[in-house]
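# Report on the structure
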Amino acid sequence: MSSFMPRPVALRFVASVFAVALVAGCATPPPADDKEAMAEWEQVNDPLEPMNRTIFEFNQAVDKALLKPVAQGYRWAVPQFGRDRVRDFVRNLRAPVVFVNDVLQGEPDRAMQTLMRFAFNTGFGIGGLIDVAEPGGIPYHDEDFGQTFAVWGMGEGPYLVLPILGPSNARDGVGLATEWLSDPFNLYMDNIGQDWAIWTRAGVAGLEKRERLLDTLDEIERSSLDYYSALRSTYRQNRTAEIKNQLDAEGKR
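Residues numbered from 1 in each chain as written. Predicted model: local features only at pLDDT ≥ 70, side-chain atom pairs only at ≥ 80, totals over all residues. Heavy atoms only, no water.

### Re unusual backbone geometry
Look at Ile126: it is not a glycine, yet its phi comes out positive at around 55°. For Ile126, the location among the structural elements is in the loop between α5 (108-124) and α6 (145-151). A relative accessible area of 57% means that Ile126 is categorised as exposed. Positive phi outside glycine occurs at Ile164, with the angle close to 70°. Tracing the backbone shows Ile164 in the loop between β1 (159-162) and β2 (166-169). (Helix = DSSP H or I, 4+ residues; strand = E, 2+ residues; numbered from the N terminus. Buried < 20%, exposed > 50% of the residue type's maximum accessible area, 1.4 Å probe, protein only.)

Written out as structure tokens, the structure is:
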């Protein structure tokens, strides 16, 4: 989910993530000769679980009281065609960030695809409201700074639950703050004093994402004995798959 915070706040956020990662790195692992316990400790990678669960409970309260009902109302009030237009518009606004990460990952072909998608969808898709590039043979892909840092060899660090934003880790938290600091749309709107556009975009992007996840999250919660652990596992598996796809693509070049 894209959003924005002022530069000083974002810098403090990066410092906080590093501090949390340092504290987590000091967490005591099980004895090295207990291979089963060590394997489980490394797989879970959640030395801050008590704090994470507290933040998770807060997020759940906010979600049940506000975010989920609003997303359900959005699904009820806006037909699929309209929701698709919102999705396409939000994706198009992210194109410059995706382009930068394509370049930083050494993917000139994917960077060109992103650039062409942005040009076609902005010029012929009514400012990005209609994805005309994908039917024309230029498929959508997403990249973020967390994935870029992974491609560069940075470890994920401990699992983190961020307030409102949800599952993350130290690497992705720093990546998120980096995006806040570098997103061209946010920088431009902040520079001309139009912060309302930044917050509106963040709210629309969050609403669009929460609506898409309504059924998935309901199913995970319904089928899991421990919703927190299930979400942690799902997040880590999804991120590993996204990064593995990128690394596999590099190996095939």
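Moving on from the model shown.
### Observations regarding the pairing of β1
Residues of β1 alternate between two faces, with Tyr159 and Val161 on one and Leu160 and Leu162 on the opposite face, all of them buried. The hairpin turn running from β1 into β2, its antiparallel successor, is three residues long, and Ile164 in that turn takes a positive phi close to 70°. (Pairing = 2+ DSSP bridges.)

### Some words on the packing of helix α3 (residues 49-77) against helix α10 (residues 214-223)
Contact pair α3 / α10: the axes reach a minimum separation of 11 Å and the direction vectors enclose 140°. In terms of axis orientation, α3 runs oblique to α10. The interaxial crossing formed by α3 with α10 has left-handed handedness. On the side of α3, the interface is formed by Gln60, Lys64, Lys68, Ala71, Gln72 and Arg75, while α10 contributes Leu214, Asp215, Asp218 and Glu221. Classifying every residue of the contact of α3 with α10 by side-chain character gives two nonpolar, two polar and six charged. (Axes fitted to C-alpha atoms, helices over the stretch in contact; angles between N-to-C directions. Parallel < 35°, antiparallel > 145°, perpendicular 65-115°, else oblique. Left-handed = near helix turned anticlockwise from the far one by under 90°. Contact = heavy atoms within 4.5 Å. Nonpolar A, V, L, I, M, F, W, Y, C, P; charged D, E, K, R; others polar.)

Any link to function would need more than the numbers given here.
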